[in-house]
Amino acid sequence: MGLSDVSAGGFNVASSWRKEQKPVQAGTQTPSFETVEKDVQTFISLFYKQETHDEEVQTSEKPPGVAEPVPDTAEGLEGFSTFEGMASDEQMQRLAKFLDSAMPSVRSMLQANVHSFAFEGYDVLWDRERTTLEAIHTLAAPMYENADLQVTSVAWNSTGSVVAAAYGRVDLVGWCRGSGYICTWNVSKRDLTKPDAKIEVPSYVNNISFHPTSPSLLLGGCYTGEVMLWDVSAETPLLAASNLQSDLSHREPVCRVLWLLDRGARATDINQFVACTASGDGRLLFWNQNAKEKERSFDEPVAGYVVQPAVAAGGARTYARADDLAGMKNEKAFQDSRDEVCNRVGVLSLNVANSGAGTVGKRQVPATDSRFVLGTEGGGVYRASVDLPKVRQTKWAFRSLKIGSEAISLEPHYGPVQAASMSPFERNLFVTVSSDGSAKLRNLLEGTLLTLEPGHSAEDYIYCVEFSPARPCVLAMGMRSSTLVIYDLEESTVRPMTVDAGDGQAVLALAFNPVNRTLLATGDGKGQLKIWQLPNSLTQLSKAEQQLLAIGVADTKKRRAAWHRMTGMSF
């Protein structure tokens, strides 16, 4: 019997329950919503002062016999600062048991830390790490751009929050026919597009200096020889001005103004500080406010000195008052006095050593009995001392600072001495810069220690210099080549940090912030005032500098050895 496949075709079996589907198109929509726009406001504005009330609350006393549980873990012990309330013996036993169990591990970790060198040489940086020199603000006074003025001087006030800029020109020769200006900015504000204070001055302003304790008092010296005092926070800022008609005032542009602590005044006296000014006429004048009238008055200085060359016509004698000169009947005596006027040394820079500094609050302020450093137009550098209290007790007369006797000569520059700066950390260390392109670090008592030449040619004038208040080995300079130069003497004396700070114009002035020591202000020939953020390497004390500052000031031998190790200078 055989089997075979048979194809019978296909069969369709209809469903017994599915019916034919008929699709229908339809749509749905929710009812429309009505919307209304309204303005609302709280009853009390956000800027109104709201009254608040302080109330004290306390839980009810704990029932007797109920004790707080003592935790078995270290995390639960955070709330226990004392052993009060742990009266039961059971709780004390539990606490002692926990301490006994934790003591071996804690002791082993402490012993391991003693022998570990994991963090040796690590210095904690509390601030954000900054590795570059960055200009964070560029401040300008737009209304003075048409006058083609330069920033001739910059200064920070005693709180470090306000920076001031003086406007004039350093290349003016002859009569000053334009106006100068003073502008101030509060750098803690967000909007620095416009200055907070704008003061117009009859002539160009050459140099400014804030008061050591009064943040709003600003002293300035002008191109015409006038000395002025302003309150930059007042509606009428001018407080005092010298009398240009007086024979006791300056006759040449004022190159430097300083505030000095008066040793002869009481700490509460309004004359605690005196203003010191120097000029191209060779005069060194001291000013203060009128103690009797309780008003600031610069009608005439309280004392004055004149820098004279080593061989002066007519010998060394004091300058008499104008009325004494006018009353002279001897024509030869009058001629000799006039000859003395022609034998003065033009002072271009001035600074005061910290060896006689006094302490005001937390700051050191140079005093009137400190040593003075003078730089002249001919390149000479001199050290001199004055005795202001003794001079006040005698009849007013110009005292002589004759070069070679009262003014000791130091190694000169080959060009005009543009600026001098004293180290805030070493009482006898200072630096002078000149138009010959060199900077000389000097010991006030021994001479030149190191000569720096940051420029590429003799035409790279250095206009300004200042030691850093944060580190003993750091100093900054401004040059005619538009370069801001910052030396870290501990790192290198031949390769400084440089940056184009003047946008093609000379950097004429600079000043470190005395409070926020990470800030540096520069002024240039374009009329711009720039605020720079210094890198941490220029503001954090190195280990060698910390060791230097730990040595007493009187231990000169150890301090010299520390300076030699850091910089190679035979200090």
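The structure under discussion appears in the preceding block.
Just so you know, the residues in each chain are numbered from 1, in the order the chain's sequence is written. Given that the model is predicted, a residue must reach a pLDDT of at least 70 before its local features are reported, and side-chain atom pairs must reach 80 or more before they are shown or counted; all residues, however, enter totals for whole chains, interfaces and linings. The basis for every side-chain value is the complete set of heavy atoms in the structure, and neither hydrogens nor water enter the calculation.

### Focus on the sheet that holds strand E9 (residues 238–241)
Selection rule: Any two strands with at least two DSSP bridges between them are considered paired. Only DSSP runs of H or I covering at least 4 residues are called helices, and only runs of E covering at least 2 are called strands; the numbering of each starts at the N terminus. Every angle, taken between N-to-C directions, lies between 0 and 180 degrees, and every axis is a line fitted to C-alpha atoms, over only the stretch in contact when it is a helix.
Spatial ordering of the open sheet is given by E6-E7-E8-E9, a layout of 4 strands whose pairing is antiparallel. On the outer flanks of this sheet lie strand E6 (205–210) and E9, each paired with one strand and no other. The average undirected angle you get between the axes of adjacent strands in this sheet is 20°. Across 3 bridges, the pairing between strand E8 (residues 227–231) and E9 is antiparallel. Counted as the bridge partner of Met228 is Ala241 from E9.

### Some details on the packing of aromatic side chains
The condition that has to hold: Aromatic pairs are defined between Phe, Tyr and Trp rings, using the six-membered ring for Trp, whenever the two ring centres lie within 6.5 Å; interplanar angles under 30 degrees are classed as stacked, those over 60 as edge-to-face, and all others as tilted. Think of it in three bands: with a 1.4 Å probe and only protein chains considered, a residue is buried below 20% of the maximum accessible area for its type, exposed above 50%, and partly exposed in between. We call a charge positioned over a ring when the NZ of a Lys or the CZ of an Arg lies within 6 Å of the ring centre and within 35 degrees of the ring normal.
If you walk through the whole model with that rule in mind, you get 4 aromatic pairs. Between Phe286 and Phe372 the ring centres are 6.2 Å apart and the planes differ by 90°, which places this aromatic pair in the edge-to-face class. One end of the pair, Phe286, is in strand E12 (residues 283–287); the other, Phe372, is in strand E17 (residues 371–376), with 86 residues separating them in the sequence. Under the relative-accessibility criterion, Phe372 is labelled buried at 1%. Taking the centre distance of 5.7 Å and the plane angle of 50° together, the rings of Trp287 and Phe298 count as tilted. With Trp287 in strand E12 and Phe298 in the loop between E12 and strand E13 (303–308), this residue pair connects regions lying 11 residues apart in the sequence. According to the relative accessible area criterion, Trp287 is buried, its value standing at 1%. The ring of Tyr461 has Arg480 sitting right over it, with the charged end atom 3.9 Å from the ring centre.

### So, the pairing of E17
Extensive coverage of E17 is indicated by the burial of 5 of its 6 residues. With 5 bridges connecting them, strand E14 (residues 347–352) and E17 associate as antiparallel partners. Across the sheet, the residue bridging to Leu350 is Leu374, located in E17. Bridging between E17 and strand E18 (residues 381–385) involves 5 bridges; their strand directions are antiparallel. In the sheet register, Val373 faces E18, and the bridge partner there is Arg383. Where E17 hands over to E18, the hairpin turn is made up of 4 residues, of which Gly379 adopts a positive phi near 95°.

### Considerations on the pattern of salt bridges
In plain terms, the rule: We define a salt bridge as a side-chain nitrogen of Lys or Arg found within 4 Å of a carboxyl oxygen belonging to Asp or Glu.
The tally for this structure, following the rule as stated, stands at 12 salt bridges. For the salt bridge of Asp171 with Arg169, the shortest nitrogen-to-oxygen distance reads 2.9 Å. A residue is classified by how much of its surface remains accessible, and Asp171, at 46% relative accessible area, is partly exposed. What makes Arg169 buried here is its relative accessible area of 19%. A salt bridge links Arg471 to Glu545, with the shortest nitrogen-to-oxygen separation between them at 2.7 Å. You can see Arg471 sitting in the loop between strand E25 (462–467) and strand E26 (474–479) and its partner Glu545 sitting in helix H5 (residues 543–550), a full 74 residues away along the chain. Judged by relative accessible area, which is 2%, Arg471 ranks as buried.

### Re helix H6 (residues 556–567)
Our working definition: Any helix carries an expected span of 1.5 Å times its number of residues minus one. What the arc covers is the set of directions going from the helix axis to the C-beta atoms.
Along its 12 residues, H6 runs 16 Å from first to last C-alpha, staying within 8% of the 16 Å computed at 1.5 Å per residue. Of the residues making up H6, those classed as buried are Arg559, Ala562, Trp563, Met566 and Thr567. Projection of H6 onto a plane perpendicular to its axis shows the buried side chains occupying an angular sector of 105°, all on one side. Seen from the buried face of H6, the exposed residues on the opposite side, beyond 90 degrees, are Lys557, Lys558 and Arg565. Gly568 lies just past H6 and shows a positive phi near 85°.

In short, the description is geometric, and any link to function would need to be established separately.
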